[in-house]
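# Overview (structure and organization)
Below are the chains, spelled out letter by letter.
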Amino acid sequence: MQTINRLDPALPAGAYQTYSITAPPDTQLRSACETANCQAWRYGWESPIDETSELGQQQAAYIRTQAGRTFREMRTEAGLTVFRFEPGQRCFAEHGTRPEIYAVRDGDWRGNPTGRARQHTRAADWVEDFGEHQLRLVDQQQKG
């Protein structure tokens, strides 16, 4: 393992805050198409179905009666049924994303002397918190 080279801190550990984003290993959550940046959701998609087979007949029946999605139905010269789905609706795939943990804690690599830590539920909140902290640091530096 490589040794980490660090500068000696000018202040005690309690004078610092640590912002981190981590993802738990081997954890995946089901997510919506929009969250997963699904291309089918964004641009729409086509599903060509061969209704001459039993599987194709079952797929077409499901799309027509149970899928709950908006589509246009067309036939190709080869005899396939093509279902054209508009953008902005859930596709048929199961998407997964890895959760991210947006944490802020007092202290630095030497420890957290106050034991205070919090976790943001949204990335935007973590970014806002980090930006406000940076502005406080600039204000303090300018005041001397």
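Just above sits the structure.
Residues numbered from 1 in each chain as written. Predicted model: local features only at pLDDT ≥ 70, side-chain atom pairs only at ≥ 80, totals over all residues. Heavy atoms only, no water.

Looking now at the overall build of the protein chain. Counting its secondary structure elements, the protein chain contains three helices and eight strands. In terms of C-alpha radius of gyration, the protein chain reaches 26 Å, well past the compact-globule figure of 15 Å for 144 residues. Each of the three principal axes of the protein chain carries a C-alpha extent, and together these read 75 × 40 × 25 Å. The 144 residues of the protein chain split such that 23% are buried. Of all intrachain contacts in the protein chain linking residues separated by at least 6 positions in sequence, the fraction that spans at least 24 positions is 62%. Surface exposure of the protein chain reaches about 10800 Å², of which carbon and sulfur atoms provide 51%. Taking the 17 positively charged and 19 negatively charged side chains of the protein chain as two groups, their mean positions are separated by 5 Å. (Helix = DSSP H or I, 4+ residues; strand = E, 2+ residues; numbered from the N terminus. Rg over C-alpha atoms; globule rule 2.2 N^0.38 Å. Buried < 20%, exposed > 50% of the residue type's maximum accessible area, 1.4 Å probe, protein only. Contact = heavy atoms within 4.5 Å. Areas by Shrake-Rupley, 256 points an atom, 1.4 Å probe, with all protein chains shown as cover. Lys, Arg positive; Asp, Glu negative; His and termini not counted. Charge placed at Lys NZ, Arg CZ, Asp CG, Glu CD.)

Let's shift gears to the side chain of S31. Assignment of secondary structure puts S31 in strand β2 (residues 29–31). Residue S31 is classed as buried on the basis of its relative accessible area of 16%. Leaving out residues up to four positions away in the same chain, S31 has contacts with A36, H95, G96 and T97.

Once that is clear, we can look at the layout of surface pockets. Taken as a whole, the largest pocket encloses approximately 280 Å³ of empty space. Taken together, 13 residues form the lining of the largest pocket, with A15, Y16, Q17, H133 and L137 sitting closest to its centre. Looking at the lining of the largest pocket, the elements that each hand over two or more residues are β1 (17–22) and α3 (123–143). Per-element tally for the lining of the largest pocket: the top contributor is α3, with six residues. (1 Å grid on protein atoms, 1.4 Å probe; cavity = no way out; pocket = protein on both sides within 12 Å on 5 of 7 lines; lining within 4 Å. Points joined across faces, edges and corners; volume = space filled by probe spheres on them.)

Attention now goes to the pattern of salt bridges. Scanning all chains against the criterion turns up nine salt bridges. For the salt bridge of R118 with D129, the shortest nitrogen-to-oxygen distance reads 2.5 Å. With R118 in strand β8 (residues 117–120) and D129 in helix α3, this residue pair connects regions lying eleven residues apart in the sequence. On the basis of relative accessibility, which here comes to 39%, the residue R118 falls in the partly exposed class. Taken together, the shared-partner salt bridges in this structure form one network comprising E51, R64, E73 and R75. (Salt bridge = Lys/Arg side-chain N within 4 Å of Asp/Glu carboxyl O.)

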